[in-house]
Amino acid sequence: RQFRGRYLPYTTLRKQLLELKSKQPAEAQDAIEKWRGTVQAETARIAAHIETGLKELQVGLSALSELSKSAAEGNAPPYMEIRSLDAFDNLSDGLGRYRDFAEVNYAVLIKLMQAYDKELGTDAGVNTYLPAMV
């Protein structure tokens, strides 16, 4: 749910990449630059979403830390231990979801750059552009 519509649009970008091959050399270079710019913008959008999510998780971790301090000092009611465990479980799940989201998008980006290299007969996609985007 929270990641719907936020993944790297592989199908669209792959289709655009295949269309680049049919362009005349004079217009192909501009189209290639535009395509790479689109991929970079999509990558930045995904990175911003991950950054926002990690900041939210960090806020939750800070709250859990305060709750744990109160419990350790004996200032928290007994039911707070269960709430602390629930909060820890939620943080762990959230972190796992963001890790999985990042890994899927990274794998898609690798596939796109490999396709870029194959379709355009270069090695710049994987060796130059991919490292610059991650």
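Residues numbered from 1 in each chain as written. Predicted model: local features only at pLDDT ≥ 70, side-chain atom pairs only at ≥ 80, totals over all residues. Heavy atoms only, no water.

1. Quick notes on the packing of helix α1 (residues 10–20) against helix α2 (residues 25–72)
Viewed as axis vectors pointing N to C, α1 and α2 meet at an angle of 170 degrees, and their least axial separation amounts to 10 Å. It follows from the interaxial angle that α1 and α2 lie roughly antiparallel. Judged by the twist between their axes, the crossing of α1 over α2 is left-handed. Together, L13, Q16, L17 and L20 of α1 and A31, I32, W35, T38 and V39 of α2 make up the contact between the two elements. In terms of residue class, the contact of α1 with α2 is made up of 7 nonpolar, 2 polar and no charged. (Axes fitted to C-alpha atoms, helices over the stretch in contact; angles between N-to-C directions. Helix = DSSP H or I, 4+ residues; strand = E, 2+ residues; numbered from the N terminus. Parallel < 35°, antiparallel > 145°, perpendicular 65-115°, else oblique. Left-handed = near helix turned anticlockwise from the far one by under 90°. Contact = heavy atoms within 4.5 Å. Nonpolar A, V, L, I, M, F, W, Y, C, P; charged D, E, K, R; others polar.)

2. Focus: the pattern of salt bridges
Following the criterion strictly, the structure yields 6 salt bridges and no others. Ionic pairing is found between K21 and E119, a salt bridge with its closest N-O pair at 3.1 Å. Pair noted here: K21 is in the loop between α1 and α2 and E119 is in helix α3 (residues 79–120), with a separation of 98 residues, a long-range link. On the basis of relative accessible area, E119 is assigned to the buried category, the value being 16%. A salt bridge links E33 to R36; its shortest N-O distance comes to 2.3 Å. Within this pair, E33 and its partner R36 are both found in helix α2, separated by 3 residues, close to a single helical turn. The class for E33 is partly exposed, based on a relative accessible area of 39%. Among the residues examined, R36 registers a relative accessible area of 10% and is labelled buried. (Salt bridge = Lys/Arg side-chain N within 4 Å of Asp/Glu carboxyl O. Buried < 20%, exposed > 50% of the residue type's maximum accessible area, 1.4 Å probe, protein only.)

3. Things to note about the packing of aromatic side chains
By the definition in use, this model includes 6 aromatic pairs. Plain terms: the ring middles of W35 and Y116 are 5.5 Å apart, the flat faces sit at 15 degrees to each other, and that makes the pair stacked. Here W35 is found in helix α2, whereas its partner Y116 is found in helix α3, with 81 residues between them in sequence. Taking relative accessible area as the criterion, W35 reaches 3% and is therefore assigned buried. Taken together, a centroid distance of 5.8 Å and an interplanar angle of 90 degrees make the contact between Y116 and Y129 edge-to-face. Taken as a pair, Y116 in helix α3 and Y129 in helix α4 (residues 124–133) lie far apart in primary sequence, 13 residues in all. (Phe/Tyr/Trp six-rings, centres within 6.5 Å; stacked < 30°, edge-to-face > 60°.)

4. Here's the deal with the layout of surface pockets
By volume, the largest pocket is sized at about 170 Å³. Forming the walls of the largest pocket are L8, T43, I46, A47, I50, A102, N105, Y106, L109, M133 and V134. Those elements giving two or more residues to the lining of the largest pocket turn out to be α2 and α3. Residues belonging to the lining of the largest pocket are distributed by class as follows: 9 nonpolar, 2 polar and no charged. (1 Å grid on protein atoms, 1.4 Å probe; cavity = no way out; pocket = protein on both sides within 12 Å on 5 of 7 lines; lining within 4 Å. Points joined across faces, edges and corners; volume = space filled by probe spheres on them.)

5. A short note on α3
Across its 42 residues, α3 extends 62 Å between first and last C-alpha, which sits within 8% of the 62 Å expected from 1.5 Å per residue. With its phi angle positive at about 65 degrees, G121 sits one or two positions after the end of α3. (Expected span 1.5 Å × (residues − 1).)

6. Quick notes on the environment of K69
Mapping K69 onto the fold places it in helix α2. Using a relative accessible area of 44% as the deciding quantity, one classes K69 as partly exposed.

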